[in-house]
Amino acid sequence: MRRAVVALLCGGVLSGCLGSVPFRPRAYDEAVRVDSVAVDFRPDGSGVLDLGLEVANPSSDAASVSSVDFELRVDGRRMAAGVQQVAVALPSDGRLPLRVFFPLASESATGGAEPVARRVRVSGGVVLRFGGTERRAPFDDTRVLPLAYVPPLNGPEGG
């Protein structure tokens, strides 16, 4: 009887809850890779963030991608933040490309016909759902992109 209880306890500890990755504590920190970033602001202040991600499921449990959140900074200044709900199946230990478009809006944008190289940073996370359990896999990417128009960059940096 005692061995049966010990076996049950050990089995419960090793299996953990859905989405767990035993022996790999940073697995979710490495689960999302940013493949592409495109930012397009228009003179009227409208725009779009086009984000291409590769999402890996580090767990042996099947999951679904339920949302993607982001923060966009241009030359160090916070331009936008948001969340988009998605519903994409992700098999156990599987990978999938995920492309998300976020609408952007500001009062106006300045610039001209000639794009200017700007430092663009996109950070955020992808939420993986395993039944009733959710795990957030973060991402952070900085690159220099040519932008013809941007909302005014003067003033204090956003927080």
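What counts and what doesn't
- Residues numbered from 1 in each chain as written.
- Predicted model: local features only at pLDDT ≥ 70, side-chain atom pairs only at ≥ 80, totals over all residues.
- Heavy atoms only, no water.
- Helix = DSSP H or I, 4+ residues; strand = E, 2+ residues; numbered from the N terminus.
- Buried < 20%, exposed > 50% of the residue type's maximum accessible area, 1.4 Å probe, protein only.
- Areas by Shrake-Rupley, 256 points an atom, 1.4 Å probe, with all protein chains shown as cover.
- Core = buried A, V, L, I, M, F, W, Y, C linked by side-chain atoms within 4.5 Å.
- Contact = heavy atoms within 4.5 Å.
- Pairing = 2+ DSSP bridges.
- Phe/Tyr/Trp six-rings, centres within 6.5 Å; stacked < 30°, edge-to-face > 60°.

A. Summary view of the overall build of the protein. Summing up its helical and strand segments, the protein has 1 helix and 7 strands in all. Element order for the protein, N to C, with α for helix and β for strand: α-β-β-β-β-β-β-β. Going through the 159 residues of the protein one by one, you find that 40% of them count as buried. Roughly 9100 Å² of accessible area belongs to the protein as shown, and the carbon and sulfur atoms make up 55% of that amount.

B. Expanded view of the nonpolar core. One finds V39 and L53 to be the most contacted residues of the largest nonpolar core, which totals 37 residues. Counting only elements with at least two residues in this core, the list comes to β1 (32–41), β2 (46–56), β3 (63–74), β4 (77–90), β5 (95–105), β6 (110–130) and β7 (133–150). Per-element accounting of this core gives the leading share, 6 residues, to β3. Leave out the neighbours within four places in its chain, and V39 touches V48, L49, L72, L104, V120, L145 and L147.

C. Geometry of the environment of V126. Inspection of the secondary structure assignment puts V126 in strand β6. It is 7.7 Å that separates the C-alpha atoms of V126 and S66, two residues lying 60 residues apart in sequence. Ignoring sequence-local partners within four residues, the contact set of V126 consists of V32, L53, V55, V65, S67, V68, R135, R136, A137 and F139.

D. Representation of the pairing of β7 in the model. Direction of pairing for β6 relative to β7: antiparallel, over a ladder of 17 bridges. Paired with V122 across the bridge in β7 is D141. Once β6 ends, the chain turns through 2 residues before running back antiparallel as β7, passing G131 with a positive phi of about 60°.

E. Expanded view of the packing of aromatic side chains. Summed over the entire model, instances satisfying the criterion amount to 2 aromatic pairs. Ring geometry for Y28 against F130: centres 6.5 Å apart, planes inclined by 85°, an arrangement best described as edge-to-face. Taken as a pair, Y28 in the loop between α1 (2–15) and β1 and F130 in strand β6 lie far apart in primary sequence, 102 residues in all. With respect to class, Y28 is no different from F130; both count as buried. Residues F70 and F102 carry aromatic rings whose centres are separated by 4.2 Å and whose planes lie at 40° to one another, so their mutual orientation is tilted.

F. A look at the pairing of β3. Burial within β3 is extensive, with 10 of its 12 residues counted as buried. Two elements, β3 and β4, share 11 bridges in a ladder whose sense is antiparallel. Bridged to F70 within β4 is G82. Where β3 folds back on β4, the antiparallel hairpin that results is connected by 2 residues, among which D75 adopts a positive phi of roughly 50°.

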